[in-house]
Amino acid sequence: MTLPGPASDDHDHAPVIVGTAGSFARSVLDERHPALIERVRQATPYPPEQQRALDALLEEITEGVIEPLDEAEPGAGQWRDEPHYGQRWPDVPFLWAESFFYRKLLAALRYFTPGPWQGVDPFAPFKNAELASSKLDDELSALDRLPQLPSEEQDRTLLHSSLWGNRADLGFQLSAGAEGLGARVPGLVVDDSAELWRILAVARPGMVCLVADNAGPELLPDLVLADHLLTTRRAASVMLHLKPYPYYVSDATTADALACLDRLTAASGHAADVGKRLRQAMTSGRLILRTHPFFCAPLPYAFMPDDLRRDFSTARLTIMKGDLNYRRLVGDRHWPATIPFTEVTAYFPAAVAALRTLKSDVATGLAPHALEQLDATGEAWRTSGTHALIQVSV
Ligand SMILES: O=P(O)(O)OC[C@@]1(O)O[C@H](CO)[C@@H](O)[C@@H]1O
(Lines give C-alpha, C1' and ligand atoms only; values in the text may rest on other atoms or scores of the structure.)
Protein backbone atom coordinates (compact mmCIF):
# COMPACT_ATOMS: atom_id res chain seq x y z
CA MET A 1 0.00 0.00 0.00
CA THR A 2 1.52 3.37 -0.90
CA LEU A 3 1.10 6.94 0.23
CA PRO A 4 -1.56 8.54 -1.97
CA GLY A 5 0.27 10.85 -4.34
CA PRO A 6 -0.52 14.54 -4.98
CA ALA A 7 -3.09 13.68 -7.64
CA SER A 8 -5.02 11.35 -5.38
CA ASP A 9 -5.64 13.77 -2.49
CA ASP A 10 -9.00 13.35 -0.83
CA HIS A 11 -10.97 16.55 -0.74
CA ASP A 12 -10.46 16.83 3.02
CA HIS A 13 -6.73 16.23 2.93
CA ALA A 14 -4.05 18.83 2.44
CA PRO A 15 -1.63 18.31 -0.48
CA VAL A 16 1.08 15.71 0.09
CA ILE A 17 4.55 17.29 0.45
CA VAL A 18 6.67 16.75 -2.67
CA GLY A 19 10.03 18.18 -3.77
CA THR A 20 8.68 21.43 -5.15
CA ALA A 21 11.43 23.70 -6.51
CA GLY A 22 12.78 25.92 -3.74
CA SER A 23 11.23 23.84 -0.96
CA PHE A 24 13.00 22.31 2.02
CA ALA A 25 12.16 18.86 0.66
CA ARG A 26 13.85 19.74 -2.61
CA SER A 27 16.98 20.90 -0.81
CA VAL A 28 17.13 17.53 0.98
CA LEU A 29 16.84 15.64 -2.31
CA ASP A 30 19.19 17.90 -4.28
CA GLU A 31 21.78 18.67 -1.60
CA ARG A 32 21.62 16.52 1.54
CA HIS A 33 21.33 13.14 -0.16
CA PRO A 34 24.22 13.70 -2.62
CA ALA A 35 26.31 15.08 0.25
CA LEU A 36 25.48 12.02 2.36
CA ILE A 37 26.68 9.67 -0.39
CA GLU A 38 30.05 11.45 -0.30
CA ARG A 39 30.19 11.35 3.53
CA VAL A 40 29.52 7.60 3.50
CA ARG A 41 32.17 7.10 0.80
CA GLN A 42 34.74 9.03 2.84
CA ALA A 43 33.92 7.28 6.12
CA THR A 44 34.44 3.67 4.95
CA PRO A 45 36.89 2.30 2.31
CA TYR A 46 34.24 0.46 0.28
CA PRO A 47 35.61 -1.63 -2.63
CA PRO A 48 35.11 -0.77 -6.33
CA GLU A 49 31.77 -2.63 -6.58
CA GLN A 50 30.20 -0.40 -3.95
CA GLN A 51 31.94 2.68 -5.34
CA ARG A 52 30.40 2.05 -8.76
CA ALA A 53 26.99 1.49 -7.16
CA LEU A 54 27.29 4.77 -5.24
CA ASP A 55 28.22 6.58 -8.47
CA ALA A 56 25.13 5.12 -10.13
CA LEU A 57 22.90 6.12 -7.20
CA LEU A 58 24.30 9.66 -7.22
CA GLU A 59 23.60 9.98 -10.94
CA GLU A 60 20.10 8.56 -10.55
CA ILE A 61 19.03 10.93 -7.76
CA THR A 62 20.52 14.02 -9.41
CA GLU A 63 19.95 13.44 -13.12
CA GLY A 64 17.74 10.40 -13.54
CA VAL A 65 14.37 8.94 -12.67
CA ILE A 66 13.46 6.54 -9.89
CA GLU A 67 14.66 3.02 -10.72
CA PRO A 68 13.50 -0.11 -8.88
CA LEU A 69 15.90 -2.17 -6.81
CA ASP A 70 17.80 -4.80 -8.78
CA GLU A 71 15.90 -8.06 -8.86
CA ALA A 72 18.92 -9.73 -7.21
CA GLU A 73 18.72 -7.37 -4.21
CA PRO A 74 17.51 -9.23 -1.09
CA GLY A 75 14.00 -7.97 -0.26
CA ALA A 76 13.49 -6.29 -3.65
CA GLY A 77 10.13 -8.02 -3.92
CA GLN A 78 8.68 -5.85 -1.13
CA TRP A 79 9.31 -2.78 -3.31
CA ARG A 80 8.33 -4.30 -6.68
CA ASP A 81 4.80 -2.87 -6.94
CA GLU A 82 5.57 0.74 -6.00
CA PRO A 83 3.91 3.20 -8.44
CA HIS A 84 6.70 5.79 -8.60
CA TYR A 85 9.29 4.12 -10.85
CA GLY A 86 10.12 6.19 -13.90
CA GLN A 87 9.14 9.44 -12.17
CA ARG A 88 11.57 12.19 -11.10
CA TRP A 89 12.58 12.09 -7.44
CA PRO A 90 11.18 15.57 -6.66
CA ASP A 91 7.80 14.69 -8.22
CA VAL A 92 6.79 11.90 -5.83
CA PRO A 93 5.81 12.14 -2.14
CA PHE A 94 8.85 13.40 -0.20
CA LEU A 95 8.27 10.79 2.53
CA TRP A 96 8.43 8.02 -0.08
CA ALA A 97 11.41 9.47 -1.96
CA GLU A 98 13.50 9.93 1.18
CA SER A 99 12.72 6.46 2.52
CA PHE A 100 13.48 4.78 -0.81
CA PHE A 101 16.74 6.72 -1.11
CA TYR A 102 17.97 5.19 2.15
CA ARG A 103 16.89 1.73 1.00
CA LYS A 104 18.81 2.18 -2.29
CA LEU A 105 21.86 3.43 -0.38
CA LEU A 106 21.94 0.22 1.69
CA ALA A 107 21.49 -1.79 -1.52
CA ALA A 108 24.45 0.02 -3.13
CA LEU A 109 26.58 -0.83 -0.08
CA ARG A 110 25.50 -4.50 -0.12
CA TYR A 111 24.14 -4.18 3.42
CA PHE A 112 21.59 -6.96 2.82
CA THR A 113 23.77 -9.06 0.49
CA PRO A 114 25.38 -12.18 2.04
CA GLY A 115 29.11 -11.51 2.16
CA PRO A 116 31.72 -9.35 3.92
CA TRP A 117 29.58 -6.18 3.91
CA GLN A 118 26.33 -7.73 5.08
CA GLY A 119 25.06 -5.92 8.16
CA VAL A 120 27.84 -3.32 8.21
CA ASP A 121 26.14 -0.09 9.30
CA PRO A 122 27.38 2.64 6.89
CA PHE A 123 26.51 5.28 9.49
CA ALA A 124 28.39 3.58 12.33
CA PRO A 125 31.45 5.86 11.98
CA PHE A 126 29.24 8.91 12.59
CA LYS A 127 27.27 7.30 15.42
CA ASN A 128 30.39 5.96 17.15
CA ALA A 129 32.12 9.36 17.01
CA GLU A 130 29.07 11.04 18.59
CA LEU A 131 28.86 8.43 21.35
CA ALA A 132 32.61 8.60 22.10
CA SER A 133 32.58 12.39 22.35
CA SER A 134 34.02 13.70 25.63
CA LYS A 135 31.23 16.32 25.51
CA LEU A 136 28.88 13.52 26.52
CA ASP A 137 31.00 12.88 29.66
CA ASP A 138 30.15 16.34 30.95
CA GLU A 139 26.51 15.90 30.01
CA LEU A 140 26.27 12.52 31.75
CA SER A 141 28.00 13.78 34.91
CA ALA A 142 25.40 16.57 35.10
CA LEU A 143 22.92 13.78 35.86
CA ASP A 144 24.47 13.56 39.36
CA ARG A 145 22.54 16.72 40.27
CA LEU A 146 19.23 15.29 39.13
CA PRO A 147 18.25 13.43 42.34
CA GLN A 148 18.52 16.68 44.32
CA LEU A 149 15.91 18.36 42.12
CA PRO A 150 12.23 18.37 43.21
CA SER A 151 10.36 15.50 41.54
CA GLU A 152 8.41 17.78 39.18
CA GLU A 153 11.68 19.38 38.08
CA GLN A 154 13.11 15.94 37.45
CA ASP A 155 10.10 15.13 35.26
CA ARG A 156 10.50 18.36 33.32
CA THR A 157 14.26 18.06 32.96
CA LEU A 158 14.16 14.50 31.61
CA LEU A 159 11.23 15.13 29.30
CA HIS A 160 12.92 18.20 27.83
CA SER A 161 16.28 16.40 27.59
CA SER A 162 14.58 13.70 25.56
CA LEU A 163 12.81 16.34 23.46
CA TRP A 164 15.88 18.45 22.74
CA GLY A 165 18.19 15.42 22.55
CA ASN A 166 17.18 15.50 18.90
CA ARG A 167 19.62 18.40 18.65
CA ALA A 168 22.71 16.36 19.50
CA ASP A 169 23.13 17.54 23.03
CA LEU A 170 21.60 15.77 25.99
CA GLY A 171 20.26 18.87 27.67
CA PHE A 172 21.11 17.51 31.13
CA GLN A 173 23.58 20.31 31.69
CA LEU A 174 20.89 22.79 30.82
CA SER A 175 18.82 21.46 33.70
CA ALA A 176 21.65 21.69 36.19
CA GLY A 177 23.45 24.61 34.62
CA ALA A 178 22.98 28.30 35.35
CA GLU A 179 20.79 28.93 32.35
CA GLY A 180 18.49 26.00 33.15
CA LEU A 181 15.94 24.79 30.70
CA GLY A 182 14.51 28.27 30.48
CA ALA A 183 16.98 28.88 27.70
CA ARG A 184 15.16 26.36 25.56
CA VAL A 185 11.54 26.89 26.57
CA PRO A 186 10.93 29.88 24.22
CA GLY A 187 11.50 27.44 21.38
CA LEU A 188 8.58 25.33 22.56
CA VAL A 189 5.67 26.16 20.23
CA VAL A 190 3.24 23.69 21.86
CA ASP A 191 3.61 22.20 25.35
CA ASP A 192 1.11 19.46 26.30
CA SER A 193 3.52 18.03 28.91
CA ALA A 194 0.99 18.44 31.76
CA GLU A 195 -1.41 16.17 29.84
CA LEU A 196 1.38 13.67 29.21
CA TRP A 197 2.16 13.38 32.93
CA ARG A 198 -1.58 13.24 33.75
CA ILE A 199 -2.01 10.20 31.48
CA LEU A 200 0.86 8.45 33.29
CA ALA A 201 -0.22 9.40 36.83
CA VAL A 202 -2.39 6.34 37.44
CA ALA A 203 -2.62 3.89 40.32
CA ARG A 204 -1.78 0.90 38.16
CA PRO A 205 0.95 1.85 35.65
CA GLY A 206 0.84 0.20 32.24
CA MET A 207 3.17 -0.17 29.31
CA VAL A 208 4.66 2.91 27.64
CA CYS A 209 5.82 2.56 24.04
CA LEU A 210 8.79 4.79 23.21
CA VAL A 211 9.36 4.96 19.45
CA ALA A 212 13.00 5.99 19.26
CA ASP A 213 14.53 8.31 16.71
CA ASN A 214 18.27 8.97 16.66
CA ALA A 215 21.04 7.02 18.39
CA GLY A 216 23.69 8.44 20.74
CA PRO A 217 22.95 11.96 21.99
CA GLU A 218 19.20 11.48 21.49
CA LEU A 219 18.86 7.86 22.62
CA LEU A 220 20.81 8.45 25.84
CA PRO A 221 18.24 10.91 27.27
CA ASP A 222 15.47 8.67 25.91
CA LEU A 223 16.89 5.78 27.94
CA VAL A 224 17.27 7.98 31.03
CA LEU A 225 13.63 9.01 30.60
CA ALA A 226 12.63 5.33 30.26
CA ASP A 227 14.45 4.55 33.53
CA HIS A 228 12.69 7.50 35.19
CA LEU A 229 9.25 6.28 34.03
CA LEU A 230 10.03 2.84 35.46
CA THR A 231 11.51 4.03 38.77
CA THR A 232 8.75 6.58 39.42
CA ARG A 233 6.11 3.97 38.54
CA ARG A 234 4.67 5.90 35.60
CA ALA A 235 5.31 2.77 33.58
CA ALA A 236 5.20 -0.90 34.53
CA SER A 237 7.21 -1.57 31.39
CA VAL A 238 8.71 0.40 28.52
CA MET A 239 8.69 -0.99 24.98
CA LEU A 240 11.51 0.71 23.07
CA HIS A 241 10.82 0.57 19.32
CA LEU A 242 13.99 0.65 17.25
CA LYS A 243 14.79 0.48 13.53
CA PRO A 244 15.38 -3.01 12.07
CA TYR A 245 18.31 -1.67 10.06
CA PRO A 246 20.24 1.60 9.56
CA TYR A 247 17.99 4.44 8.41
CA TYR A 248 18.12 8.24 8.01
CA VAL A 249 21.80 8.25 9.07
CA SER A 250 21.33 8.42 12.84
CA ASP A 251 18.21 6.37 13.51
CA ALA A 252 18.75 3.94 16.37
CA THR A 253 19.02 0.16 15.96
CA THR A 254 19.37 -2.49 18.68
CA ALA A 255 23.16 -2.26 18.39
CA ASP A 256 22.92 1.47 19.07
CA ALA A 257 20.70 0.90 22.12
CA LEU A 258 23.20 -1.59 23.56
CA ALA A 259 26.06 0.83 22.86
CA CYS A 260 24.17 3.52 24.81
CA LEU A 261 23.64 1.14 27.73
CA ASP A 262 27.39 0.46 27.74
CA ARG A 263 28.10 4.22 27.62
CA LEU A 264 25.85 4.74 30.65
CA THR A 265 27.23 1.86 32.74
CA ALA A 266 30.82 2.89 31.89
CA ALA A 267 30.14 6.39 33.20
CA SER A 268 30.17 7.20 36.91
CA GLY A 269 27.61 8.29 39.48
CA HIS A 270 23.93 8.57 38.59
CA ALA A 271 24.45 7.78 34.90
CA ALA A 272 26.08 4.46 35.81
CA ASP A 273 23.22 3.68 38.21
CA VAL A 274 20.73 4.34 35.41
CA GLY A 275 22.69 2.05 33.08
CA LYS A 276 22.72 -0.75 35.63
CA ARG A 277 18.98 -0.41 36.30
CA LEU A 278 18.20 -0.45 32.58
CA ARG A 279 20.24 -3.61 32.07
CA GLN A 280 18.28 -5.22 34.93
CA ALA A 281 15.03 -3.95 33.42
CA MET A 282 15.96 -5.63 30.13
CA THR A 283 16.76 -8.97 31.70
CA SER A 284 13.57 -8.83 33.78
CA GLY A 285 11.39 -7.90 30.79
CA ARG A 286 10.41 -4.43 31.97
CA LEU A 287 12.45 -2.77 29.23
CA ILE A 288 11.48 -4.51 25.99
CA LEU A 289 13.31 -3.89 22.72
CA ARG A 290 11.06 -4.19 19.70
CA THR A 291 11.45 -3.53 16.03
CA HIS A 292 9.32 -3.91 12.95
CA PRO A 293 9.89 -3.58 9.17
CA PHE A 294 7.24 -0.86 9.10
CA PHE A 295 9.59 1.51 10.93
CA CYS A 296 11.55 1.72 7.66
CA ALA A 297 8.49 1.87 5.39
CA PRO A 298 7.76 4.95 3.21
CA LEU A 299 4.29 5.35 4.69
CA PRO A 300 2.44 7.29 7.39
CA TYR A 301 1.52 5.43 10.58
CA ALA A 302 -2.11 5.55 9.37
CA PHE A 303 -1.08 2.58 7.21
CA MET A 304 0.55 0.61 10.04
CA PRO A 305 0.06 -3.19 10.00
CA ASP A 306 -2.20 -4.86 12.56
CA ASP A 307 0.56 -6.32 14.73
CA LEU A 308 2.11 -2.89 15.25
CA ARG A 309 -1.35 -1.39 15.86
CA ARG A 310 -1.85 -4.01 18.56
CA ASP A 311 1.41 -2.98 20.30
CA PHE A 312 0.31 0.65 20.39
CA SER A 313 -3.30 -0.15 21.37
CA THR A 314 -2.18 -2.01 24.51
CA ALA A 315 0.07 0.85 25.65
CA ARG A 316 -0.98 3.46 28.24
CA LEU A 317 0.86 5.97 26.05
CA THR A 318 3.04 5.88 22.93
CA ILE A 319 5.77 8.52 22.78
CA MET A 320 6.87 9.28 19.21
CA LYS A 321 10.33 10.84 19.07
CA GLY A 322 11.68 13.16 16.39
CA ASP A 323 10.79 14.80 13.14
CA LEU A 324 10.40 11.82 10.82
CA ASN A 325 8.10 10.02 13.26
CA TYR A 326 6.04 13.22 13.48
CA ARG A 327 5.75 13.48 9.70
CA ARG A 328 4.59 9.85 9.58
CA LEU A 329 2.25 10.30 12.57
CA VAL A 330 0.32 13.30 11.19
CA GLY A 331 0.85 12.56 7.49
CA ASP A 332 3.49 14.45 5.51
CA ARG A 333 1.14 17.04 4.07
CA HIS A 334 0.82 20.81 3.82
CA TRP A 335 -1.69 20.89 6.65
CA PRO A 336 -2.86 24.27 7.91
CA ALA A 337 -0.57 24.52 10.98
CA THR A 338 -3.63 25.21 13.15
CA ILE A 339 -5.39 21.93 12.31
CA PRO A 340 -5.82 20.14 15.66
CA PHE A 341 -3.17 17.50 16.40
CA THR A 342 -6.00 15.30 17.75
CA GLU A 343 -7.73 15.48 14.34
CA VAL A 344 -4.77 14.30 12.28
CA THR A 345 -3.97 11.53 14.79
CA ALA A 346 -7.55 10.35 15.34
CA TYR A 347 -6.69 7.01 13.68
CA PHE A 348 -4.07 6.17 16.33
CA PRO A 349 -5.31 3.26 18.50
CA ALA A 350 -4.48 4.80 21.91
CA ALA A 351 -2.96 7.85 23.58
CA VAL A 352 0.01 9.22 21.66
CA ALA A 353 2.52 11.99 22.42
CA ALA A 354 4.94 13.60 19.96
CA LEU A 355 8.28 14.95 21.19
CA ARG A 356 9.67 16.70 18.14
CA THR A 357 12.13 19.38 17.18
CA LEU A 358 10.81 20.98 14.01
CA LYS A 359 13.13 20.08 11.15
CA SER A 360 10.74 19.86 8.18
CA ASP A 361 7.77 21.77 6.83
CA VAL A 362 4.81 19.90 8.29
CA ALA A 363 3.22 21.45 11.38
CA THR A 364 -0.13 20.92 13.12
CA GLY A 365 -1.83 21.90 16.37
CA LEU A 366 -0.48 25.43 16.65
CA ALA A 367 -2.60 28.17 18.22
CA PRO A 368 -3.42 30.92 15.68
CA HIS A 369 -1.56 33.60 17.66
CA ALA A 370 1.51 31.35 18.02
CA LEU A 371 1.53 30.72 14.27
CA GLU A 372 1.18 34.43 13.59
CA GLN A 373 4.11 35.25 15.90
CA LEU A 374 6.32 32.56 14.40
CA ASP A 375 5.60 33.62 10.83
CA ALA A 376 6.22 37.25 11.78
CA THR A 377 9.78 36.39 12.85
CA GLY A 378 10.70 35.66 9.24
CA GLU A 379 12.82 32.78 10.60
CA ALA A 380 12.75 29.28 9.13
CA TRP A 381 11.07 28.05 12.32
CA ARG A 382 9.62 24.97 10.62
CA THR A 383 12.98 23.52 9.51
CA SER A 384 15.80 25.07 11.56
CA GLY A 385 15.52 22.81 14.60
CA THR A 386 15.32 25.88 16.87
CA HIS A 387 11.71 25.14 17.79
CA ALA A 388 10.05 22.08 19.26
CA LEU A 389 6.71 20.75 20.43
CA ILE A 390 5.23 18.36 22.93
CA GLN A 391 1.80 17.32 21.68
CA VAL A 392 -0.60 14.78 23.14
CA SER A 393 -3.71 13.14 21.69
CA VAL A 394 -5.80 10.76 23.81
O1 LIG B 1 13.60 12.22 12.58
P2 LIG B 1 14.69 13.20 12.83
O3 LIG B 1 16.02 12.52 12.96
O4 LIG B 1 14.39 14.15 13.95
O5 LIG B 1 14.83 14.09 11.54
C6 LIG B 1 14.77 13.49 10.28
C7 LIG B 1 14.62 14.58 9.24
O8 LIG B 1 14.29 15.81 9.81
O9 LIG B 1 15.81 14.71 8.53
C10 LIG B 1 15.44 14.94 7.16
C11 LIG B 1 16.21 16.06 6.56
O12 LIG B 1 17.56 15.69 6.50
C13 LIG B 1 13.97 15.21 7.19
O14 LIG B 1 13.41 15.00 5.99
C15 LIG B 1 13.58 14.26 8.23
O16 LIG B 1 12.28 14.46 8.72
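Residues numbered from 1 in each chain as written. Predicted model: local features only at pLDDT ≥ 70, side-chain atom pairs only at ≥ 80, totals over all residues. Heavy atoms only, no water.

Engineer: Just checking my understanding: could you explain the domain arrangement of the protein for this structure?
Structural biologist: Reports often express the size of an interface as the amount of accessible area lost when the parts come together. For the protein, the domain assignment lists domain 1 (9-119) and domain 2 (127-393). Computed over C-alpha atoms, the centres of domain 1 and domain 2 are 27 Å apart. Facing 20 residues of domain 1, the contacting portion of domain 2 comprises 22 residues. Between domain 1 and domain 2, the buried area comes to about 1900 Å², and carbon and sulfur atoms account for 67% of it. When the buried surface of domain 1 facing domain 2 is broken down by residue, Ile 17, Phe 24 and Leu 95 rank first, second and third, together holding 34% of it. Summed over the shared surface of domain 1 and domain 2, the result is one salt bridge. Between Arg 327 and Glu 98 there is a salt bridge whose closest N-O contact spans 2.9 Å. Applying the counting rule to domain 1 against domain 2 returns seven residue pairs in polar contact (both at pLDDT 80 or more). (Domains from an automatic or database assignment. Contact = heavy atoms within 4.5 Å. Buried area = accessible area lost by both parts, 1.4 Å probe. Salt bridge = Lys/Arg side-chain N within 4 Å of Asp/Glu carboxyl O. Polar contact = N/O pair within 3.5 Å; in protein donor to acceptor, adjacent residues only side chain to side chain.)

Engineer: Is there a simple way to think about the packing of helix H6 (residues 151-164) against helix H9 (residues 219-231) in this case?
Structural biologist: A pair of packed helices can be characterised by two numbers: the angle between their axes and the separation between those axes. At a closest axis distance of 8 Å, the pairing of H6 and H9 adopts a crossing angle of 145°. Crossing of H6 over H9 shows left-handed handedness. From H6, Gln 154, Asp 155, Leu 158, Leu 159, Ser 161 and Ser 162 reach across to H9, where they touch Pro 221, Asp 222, Val 224, Leu 225 and His 228. Looking at the contact of H6 with H9, its residues break down into five nonpolar, four polar and two charged. (Axes fitted to C-alpha atoms, helices over the stretch in contact; angles between N-to-C directions. Helix = DSSP H or I, 4+ residues; strand = E, 2+ residues; numbered from the N terminus. Left-handed = near helix turned anticlockwise from the far one by under 90°. Nonpolar A, V, L, I, M, F, W, Y, C, P; charged D, E, K, R; others polar.)

Engineer: How should the site of the ligand be read in this particular structure?
Structural biologist: Taken together, 14 residues surround the ligand, and among them Arg 32, Glu 98, Asp 323, Leu 324 and Arg 327 come closest. Separating an oxygen atom of the ligand from a side-chain N or O atom of Arg 32 is a distance of 2.7 Å. Residue Glu 98 places a side-chain N or O atom 2.8 Å away from an oxygen atom belonging to the ligand. Its free accessible area being 390 Å², the ligand has 91% of it covered by the protein chains. The site holding the ligand turns out to be the largest pocket. Counting residues per element, the ones that place at least two in the shell around the ligand are helix H1 (24-43), helix H3 (94-108) and helix H13 (323-330). Of the residues that constitute the shell around the ligand, the class distribution is five nonpolar, three polar and six charged. When residues of the shell around the ligand are sorted by domain, at least three fall in each of domain 1 (9-119) and domain 2 (127-393). (Near = heavy atom within 4 Å. Areas by Shrake-Rupley, 256 points an atom, 1.4 Å probe, with all protein chains shown as cover. 1 Å grid on protein atoms, 1.4 Å probe; cavity = no way out; pocket = protein on both sides within 12 Å on 5 of 7 lines; lining within 4 Å. Sits in = over half its atoms within 2 Å of the grid points.)

Engineer: Explanation requested: the pattern of salt bridges in the structure shown.
Structural biologist: Where side chains of opposite charge bring their charged atoms close, a pairing between them can arise. Taken as a whole and judged by the stated rule, the model has 23 salt bridges. Linking Arg 88 and Asp 91 is a salt bridge whose minimum nitrogen-to-oxygen distance equals 2.8 Å. Overall, Asp 91 belongs to the partly exposed group, its relative accessible area being 37%. Here the salt bridges share partners, and the residues they tie into one network are Glu 38, Arg 41 and Asp 55. (Buried < 20%, exposed > 50% of the residue type's maximum accessible area, 1.4 Å probe, protein only.)

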